[in-house]
Amino acid sequence: MVVKMEPKKAQDVWKDTGENVDFVSLALTRDNQEQAQEGIQEFADRSQAIIRSMRIREPEANLRVSIGFSNAAWEYLFPKADKPKELENFAGVKGPKYSMPATDGDIFLHIRANTQAVVFEVVTQYRKFLKDFTTVLDEVKGFRNLEGRAIIGFIDGTEAPQVEDAAPYAIIGDEDPEFVNGSYLFAQKWIHNMDSWNNMPVEHQDKAIGREKFSDLELDDDDKYKNAHNVASNTGDENKIIRMNVPFSDPASNVNGTYFMGYSRYWHVTKGMLQQMVDMSDFLLTFSTLKTGTLYFIPSRPMLAKIADGDLNPED
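Along each chain, the written sequence defines residue order, and numbers are assigned to residues from 1. Local features in a predicted model are, by the rule used here, given only for residues with pLDDT of at least 70; side-chain atom pairs are given and counted only at 80 or more, and totals for whole chains, interfaces and linings are based on all residues. The side-chain figures draw on all heavy atoms in the structure; neither hydrogens nor water molecules are used.

## A few points about the overall build of the protein
Turning to step 1, where the next piece is worked out: Per the secondary structure count, the protein includes nine helices and 12 strands.
Turning to step 2, where the next piece is worked out: At 20 Å, the protein has a C-alpha radius of gyration in line with the 20 Å of a compact globule built from 316 residues.
Turning to step 3, where the next piece is worked out: In terms of principal-axis extent, the alpha carbons of the protein reach across some 65 × 40 × 35 Å.
Turning to step 4, where the next piece is worked out: Burial here depends on accessible area, computed with a 1.4 Å probe over protein chains only, as a share of the maximum for the residue type. Under 20% is buried, over 50% is exposed, and the range in between is partly exposed. Considering the protein as a whole, with its 316 residues, one finds that 52% of them fall into the buried category.
Turning to step 5, where the next piece is worked out: Summing over all exposed atoms, the protein offers an accessible surface of approximately 15,000 Å²; the carbon and sulfur share of this is 47%. Starting at the N terminus, helices and strands are each numbered in turn, a helix being any DSSP run of H or I of at least four residues and a strand any DSSP run of E of at least two. Within these notes, the globule rule equals 2.2 Å times the number of residues to the 0.38 power, and the radius of gyration is based on C-alpha atoms. The accessible surface values rely on the Shrake-Rupley method and a 1.4 Å probe; as for residues, cover is taken only from the protein chains in view.

Written out as structure tokens, the structure is:
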């Protein structure tokens, strides 16, 4: 079978980080498998209709949505269906000093738009079709910071592929033809000790990240710390992923963090990057606490249509 990568058939996995973002992690109740299977079929259909409706109602909002399933959810919801080749339960990664935990999650929603009202409306409507067979594990509201900077003050995404070149790094191709135009998403919530970070001289921060904070120019290798973030997280130009990280904050409570979102054509590329970060004790880990870490598969829109039609749960 000849298959073709067609980015227009993918969900929103390769561009537009968003101005206002909601990350929602859901757990299946596992009370009634048949009910959950029927519910996810309806949700797969309704979710796409809601997107189309909202784009008519608010055409300037630039609504983008991705919906994903973990390995555990896939096996529960679609036990008779094939699985993407690299979909697995993330088991965490460990290095000599730091580790990244694995946490539970079944269904993931990544919703972003120019206005918070549109994000609110989409999440509210989605809940109507998910609430009877899921519970909320975590919800985080992110935002685009001034100048597109991360919460730590550096420009985020400079080393990501140009948007015109991004799709092949994010979208599955002919290596897994049944799941073409899908993607692997790794979602991870970081909490930063901003008091510690902000007490560091800017020159120290520059060396820790590997770039000049204000100009965004990359430092010479000799001027970076050996565990600078852009060294520890770089596994080669051929191994790029699509990052859609955004800050989140409860400023009055001094809770500040980064929601890391890594979309990739190949899960092993992202996994290799995570392992290298802990092996090298990425400087970000020295003032951060990782709260979550879960792998999801993001089906293509045609596969969502198959889920809606019940094709992944054929009757005996």
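## Focus: the packing of aromatic side chains
Turning to step 1, where the next piece is worked out: Classification of ring pairs uses Phe, Tyr and Trp, with its six-membered ring standing for Trp, and accepts pairs whose centres are within 6.5 Å; under 30 degrees between planes counts as stacked, over 60 as edge-to-face, and the remaining range as tilted. For the structure shown, the criterion picks out 20 aromatic pairs.
Turning to step 2, where the next piece is worked out: Between Phe69 and Phe78, the ring centres sit 5.7 Å apart and the planes meet at 80°, which makes this aromatic pair edge-to-face. Across the pair, Phe78 and Phe69 agree in class, each one buried.
Turning to step 3, where the next piece is worked out: Grouped by ring-pair contacts, the aromatic residues Phe69, Trp74, Phe78, Phe179, Tyr184 and Phe297 constitute a single cluster.
Turning to step 4, where the next piece is worked out: Placement of a positive charge over a ring is assigned whenever Lys NZ or Arg CZ falls within 6 Å of the ring centre and within 35 degrees of the normal to the ring plane. Across from the ring centre of Tyr76, 5.0 Å away, lies the NZ or CZ of Arg30, which sits over that ring.

## A word on the pairing of strand S12 (residues 294–298)
Turning to step 1, where the next piece is worked out: Across the five residues that make up S12, a large majority, five, are buried.
Turning to step 2, where the next piece is worked out: Residue alternation in S12 divides its side chains into two sets, Thr294, Tyr296 and Ile298 and Leu295 and Phe297, and both sets are buried.

## Quick notes on unusual backbone geometry
Turning to step 1, where the next piece is worked out: Positive phi is not limited to glycine here, since Glu147 has a value of about 60°.
Turning to step 2, where the next piece is worked out: Secondary-structure assignment places Glu147 in the loop between strand S6 (134–143) and helix H4 (163–170).
Turning to step 3, where the next piece is worked out: Even without a glycine there, the phi angle at Asn254 is positive, about 60°.
Turning to step 4, where the next piece is worked out: By the secondary structure assignment, Asn254 is in the loop between strand S9 (246–250) and strand S10 (255–264).
Turning to step 5, where the next piece is worked out: Among the residues examined, Asn254 registers a relative accessible area of 42% and is labelled partly exposed.

## Comments concerning the nonpolar core
Turning to step 1, where the next piece is worked out: With 71 residues, the main nonpolar core has Ile40, Leu109, Tyr126, Ile152 and Trp197 as its most contacted residues.
Turning to step 2, where the next piece is worked out: Contacts are residue-level and defined by heavy atoms, with any inter-residue pair within 4.5 Å sufficient. Sequence-distant contacts of Trp197, that is, excluding residues within four places in its chain, are made with Ile152, Phe154, Gln205, Ala208, Ile209, Phe283 and Phe287.
Turning to step 3, where the next piece is worked out: Only buried residues count toward a nonpolar core, which is a set of Ala, Val, Leu, Ile, Met, Phe, Trp, Tyr and Cys residues joined through side-chain atoms within 4.5 Å. Counting residues in each nonpolar core, the second largest holds 22 residues, with Trp14, Phe23, Ile171 and Met244 among its members.

## Some details on the environment of Ala308
Turning to step 1, where the next piece is worked out: Summarising the element assignment, Ala308 is placed in helix H9 (residues 301–309).
Turning to step 2, where the next piece is worked out: Ignoring any residue separated from it by four or fewer positions in sequence, one finds Ala308 in contact with Gln41, Ala44 and Asp45.

## What about helix H6 (residues 202–209)?
Turning to step 1, where the next piece is worked out: Those residues of H6 that fall on the buried side of the exposure criterion are Gln205, Asp206, Ala208 and Ile209. Relative to the axis of H6, the buried residues are bounded by an arc of 165° and lie together on one face.
Turning to step 2, where the next piece is worked out: On its buried side, H6 packs onto helix H5 (194–198) and helix H7 (229–232).
Turning to step 3, where the next piece is worked out: With its phi angle positive at about 100°, Gly210 sits one or two positions after the end of H6. What the arc covers is the set of directions going from the helix axis to the C-beta atoms.

## Remarks on the pattern of salt bridges
Turning to step 1, where the next piece is worked out: What makes a salt bridge here is a side-chain nitrogen of Lys or Arg within 4 Å of a carboxyl oxygen of Asp or Glu, nothing more. As enumerated under the stated definition, the model contains 18 salt bridges in all.
Turning to step 2, where the next piece is worked out: Here Lys83 makes a salt bridge to Glu75, at a shortest N to O gap of 2.9 Å.
Turning to step 3, where the next piece is worked out: Here the salt bridges share partners, and the residues they tie into one network are Asp12, Asp16, Arg55 and Arg64.

## Quick notes on the side chain of Thr258
Turning to step 1, where the next piece is worked out: Along the chain, Thr258 falls in strand S10.
Turning to step 2, where the next piece is worked out: Any pair of nitrogen or oxygen atoms within 3.5 Å is treated as a polar contact; in protein, a donor-acceptor pairing is required on top of that, and neighbouring residues in sequence qualify only through side-chain atoms on both sides. Among the polar contacts made by the side chain of Thr258, one reaches the side chain of His192 at a distance of 2.8 Å.
Turning to step 3, where the next piece is worked out: Once residues within four sequence positions are removed from consideration, Thr258 is found in contact with Ile151, Gln188, Lys189, Trp190, His192, Asn245, Val246 and Phe248.

## Topic: the side chain of Gln48
Turning to step 1, where the next piece is worked out: Among the secondary structure elements, Gln48 is positioned in helix H1 (residues 33–57).
Turning to step 2, where the next piece is worked out: Ignoring any residue separated from it by four or fewer positions in sequence, one finds Gln48 in contact with Ile67, Arg301 and Leu304.

## Thoughts on H4
Quick reminder: α-helices carry 3.6 residues per turn. Residues three or four places apart thus point the same way.
Turning to step 1, where the next piece is worked out: For H4, the set of buried residues is Ala166, Ala167 and Ala170. Within H4, the buried residues cover an arc of 105° as seen down the axis, which keeps them to one side.
Turning to step 2, where the next piece is worked out: Close packing links the buried residues of H4 with strand S7 (183–192), strand S8 (242–243) and S10.

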